[in-house]
Amino acid sequence: MQTNINLEHFIKEYVTKRPESLLKPDFEKYHTELSHRINGKKVLVIGGAGTIGSSYIKAILRFHIAKLVVVDINENGLTELVRDLRSSEGYHIPDEFITYPINFGDRVFEKLFKTHGPFEIVANFAAHKHVRSEKDIFSIEAMIENNVLRARKLLDLLLQYPPEHFFCVSTDKAANPVNIMGASKKLMEETIMAYADKLPIKTARFANVAFSNGSLPLGFIDRLNKQQPWSCPLGIRRFFVSPQESGELCLMASIMGESGDIFFPKLDEERDMIPFDRIAIDLLHYLGLEPDSCQSEEEARQKSETRRHEDTKKYPIYFFGSDTSGEKTFEEFYTDKEVLDNDTFINLGVVKNSKKRSMQEIDEIFEKLHNLFESNKVTKAAIVDILKIYLP
């Protein structure tokens with residue numbers, strides 16, 4: 001059962017409820033300056049096969065860049081990115097457009113960087129983004145390796161060939177982090193900001209990207225195509241931006257931001273926070289189906305199996321209370337100690353006083369993490385103890 005759905009239309013109508021991009025007014029305001037800073041430049045995008053990275057690429061290809069190199073560990077994702085761009089109208093794909101299925105922490109990355117560079121614009125979207133990525137000590141170590149340690153290795157490489165613009169994506173969970181994923185992104189923020197006097201560092205915290213890779217809403221589509229039941233938490237409200245808005249937000253931040261800036265979308269809690277269960281029900285209705293509420297996963301599976309042999313519009317869905325360890329019950333893009341600029345951009349705010357640690361402090365943190373990871377005593381508690389020394 002393949003389900004045809006115009007996701008872009010559904011997101012605009014039922015999720016963001018914005019007929020036009022949140023960033024449209026800002027792109028109109030700064031179009032001339034953006035063109036001046038982007039056109040003719042060589043661009044490197046790391047993690048470019050993911051939802052936000054590929055959306056960033058689509059946003060920057062509305063301009064006329066000279067060269068685009070995309071790196072991602074997802075080989076199939078890179079293939080689909082190329083096919084998608086080649087099959088679409090409106091993108092100015094440069095003659096030099098190369099994709100590489102490699103890890104930006106690998107030695108070969110440094111070789112390709114030096115061969116294809118220097119780059120005027122570098123954007124890094126490689127990150128572990130899910131709270132479930134801290135389910136055990138191995139996944140936690142891999143997450144910190146990717147979100148923090150490799151990010152620094154990239155910065156040290158950039159010091160040799162400084163770009164005009166460097167962007168590294170963050171998350172709303174870095175504001176007052178309550179889990180290791182959020183703490184790792186907060187530490188990433190503080191690590192890159194330690195370089196802000198040497199490199200043009202910009203980042204952004206933003207909301208859930210609607211129907212992004214690995215997200216619960218996209219999982220609804222996947223389950224539907226496999227005729228499997230849905231599971232959905234009750235009462236979990238989140239801010240959402242569309243994939244297009246996520247790419248445009250990061251592009252605006254990377255090009256128009258000042259070094260040390262942290263961008264975030266201006267969203268209204270009452271108007272823009274949407275519960276996942278509302279999206280699930282709206283999506284079923286959009287597809288001409290009715291939710292068949294179940295009391296357990298087992299009941300949902302049984303009803304799903306029965307449904308395969310019946311002609312019915314009812315679709316089994318198990319609603320449950322969320323029990324994700326360390327998950328925030330709300331989202332915040334800044335804290336009360338951060339100084340905000342809400343005037344420069346129409347629909348974006350900017351944190352102007354991001355914490356900038358000394359290189360000595362950063363070295364101390366990294367030495368503790370490296371020593372811990374080299375030992376045979378790596379535990380979640382030991383990692384938390386290190387992070388708690390430095391983070392709120």
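Now for a quick tour of the structure.

Cut-offs used in this document
Residues numbered from 1 in each chain as written. Predicted model: local features only at pLDDT ≥ 70, side-chain atom pairs only at ≥ 80, totals over all residues. Heavy atoms only, no water. Axes fitted to C-alpha atoms, helices over the stretch in contact; angles between N-to-C directions. Helix = DSSP H or I, 4+ residues; strand = E, 2+ residues; numbered from the N terminus. Left-handed = near helix turned anticlockwise from the far one by under 90°. Contact = heavy atoms within 4.5 Å. Nonpolar A, V, L, I, M, F, W, Y, C, P; charged D, E, K, R; others polar. 1 Å grid on protein atoms, 1.4 Å probe; cavity = no way out; pocket = protein on both sides within 12 Å on 5 of 7 lines; lining within 4 Å. Points joined across faces, edges and corners; volume = space filled by probe spheres on them.

Moving on, we get to the packing of helix α9 (residues 216–225) against helix α12 (residues 276–286). Two measures define how a pair of helices packs: the angle their axes make with one another and the distance between the axes. Viewed as axis vectors pointing N to C, α9 and α12 meet at an angle of 30 degrees, and their least axial separation amounts to 10 Å. Between α9 and α12 the crossing geometry is right-handed. Of the residues in α12, those touching α9 at L216, P217, F220 and I221 are F276, A280 and L283. Residues of the contact of α9 with α12, tallied by class, amount to seven nonpolar, no polar and no charged.

All told, the structure shown has two cavities of 30 Å³ or more when counted by the stated rule. Taken together, Q227, S304, R307, R308, Y315 and P316 form the lining of the largest cavity. For the lining of the largest cavity, the secondary structure elements donating two or more residues are α13 (297–307) and β13 (314–321). When its volume is computed, the second largest cavity comes out at roughly 30 Å³. Considering the residues around the second largest cavity, the lining is formed by K186, E189, E190, M193, R205, I262, E338, S354 and K355. Looking at which element gives the most residues to the lining of the second largest cavity, the answer is helix α8 (residues 180–193), with four residues. For the lining of the second largest cavity, a count of residues per class yields two nonpolar, one polar and six charged.

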